[in-house]
Amino acid sequence: MGSRRHFGVARADLAQVRTVGHNCGGTVNDVVLAAVSGALNSLLAHRGERVDDVVVSVPISGRTEATIARLGNQVGVIPVKVPTSGRPLDRLGPIAEVTRQHKTGTRGASAALLAPVFRVLATLGVLRWLIERQHLVTTFVTNLRGPDTPVSFLGSIVSEVVPSTR
């Protein structure tokens, strides 16, 4: 029998999330990482496991500026070690500090090196296999900026999209 996956959807007011992040010296993405690390802690505790931190792979833009002539994906990743225990606000400060430190390096430096390798592995059909067996990161977290104007589908406004891997 195949494994069953359970998906949850968390909703929050973006203005409040932004305010909390900025009040703690972080960003919206830092708040998301704090929430994800807490959710992972709860999941692992439910399974009888305990870890003090996890490593999350977070995309970072490699683009220093965008022009009409130079659009496209220029993305690298940074591995971010985040604490899993404690209150969310207690996790947020250390997470914001770690992400700030990572951002001072060359933006998206891993993109130039890894993107061609990942494309070849994907073409060969082994990228998913490799990702499922790697031990460098615990999970992957990403965000996708929504459109600036409302989107409709068959005459109805799309208010949210819930992604699923299966």
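Residues numbered from 1 in each chain as written. Predicted model: local features only at pLDDT ≥ 70, side-chain atom pairs only at ≥ 80, totals over all residues. Heavy atoms only, no water.

Each helix and strand in the protein chain was counted, giving five helices and five strands. Going from the N terminus to the C terminus, the protein chain shows its helices and strands as α-α-β-β-α-α-α-β-β-β. Counting contacts in the protein chain only where the partners sit at least 6 residues apart, residues at least 24 apart contribute 64% of the total. Put simply, the protein chain shows about 12,600 Å² of open surface, and 59% of that area lies on carbon and sulfur atoms. (Helix = DSSP H or I, 4+ residues; strand = E, 2+ residues; numbered from the N terminus. Contact = heavy atoms within 4.5 Å. Areas by Shrake-Rupley, 256 points an atom, 1.4 Å probe, with all protein chains shown as cover.)

Turning next to unusual backbone geometry. Excluding glycine, a negative phi dihedral is what most residues carry, and trans is how most peptide bonds are arranged. The backbone phi angle of Leu154 is positive, close to 55°, even though this residue is not glycine. Following the sequence through the fold, Leu154 ends up in the loop between β4 (152–153) and β5 (156–157). Relative accessible area serves as the criterion here: at 78%, Leu154 is assigned to the exposed category. (Buried < 20%, exposed > 50% of the residue type's maximum accessible area, 1.4 Å probe, protein only.)

At their nearest, the axes of helix α2 (residues 28–46) and helix α3 (residues 88–103) sit 9 Å apart, and the two run at 125° to each other. Relative to α3, the element α2 lies oblique. Of the two possible hands of crossing, α2 and α3 adopt the one that is right-handed. Contacts between α2 and α3 involve Asp30, Val31, Leu33, Ala34, Ser37 and Gly38 from the first element and Pro88, Arg91, Leu92, Ile95, Ala96 and Thr99 from the second. (Axes fitted to C-alpha atoms, helices over the stretch in contact; angles between N-to-C directions. Parallel < 35°, antiparallel > 145°, perpendicular 65-115°, else oblique. Left-handed = near helix turned anticlockwise from the far one by under 90°.)

Turning our eyes to something else, we now look at the nonpolar core. Counting 15 residues, the largest nonpolar core has Leu33, Val56, Val58, Val80 and Val82 as the members making the most contacts within it. At the level of elements, α2, β1 (53–61), β2 (75–83) and α3 are the ones that each hand at least two residues to this core. Those residues within four positions of Val56 in sequence are excluded, and the remaining contacts are Leu33, Ile78, Pro79, Val80, Val82, Thr139 and Val141. (Core = buried A, V, L, I, M, F, W, Y, C linked by side-chain atoms within 4.5 Å.)

Quick look at the pattern of salt bridges now. For the coordinates displayed, the defined rule picks out six salt bridges. Salt-bridge contacts for Glu97 lead to Arg100; the nearest nitrogen and oxygen are separated by 2.8 Å. Of this pair, Glu97 and Arg100 both sit in helix α3, three residues apart, which is roughly one turn of the helix. Since its relative accessible area comes to 34%, Glu97 is described here as partly exposed. (Salt bridge = Lys/Arg side-chain N within 4 Å of Asp/Glu carboxyl O.)

Treat this as a map of the structure, not an account of what it does.
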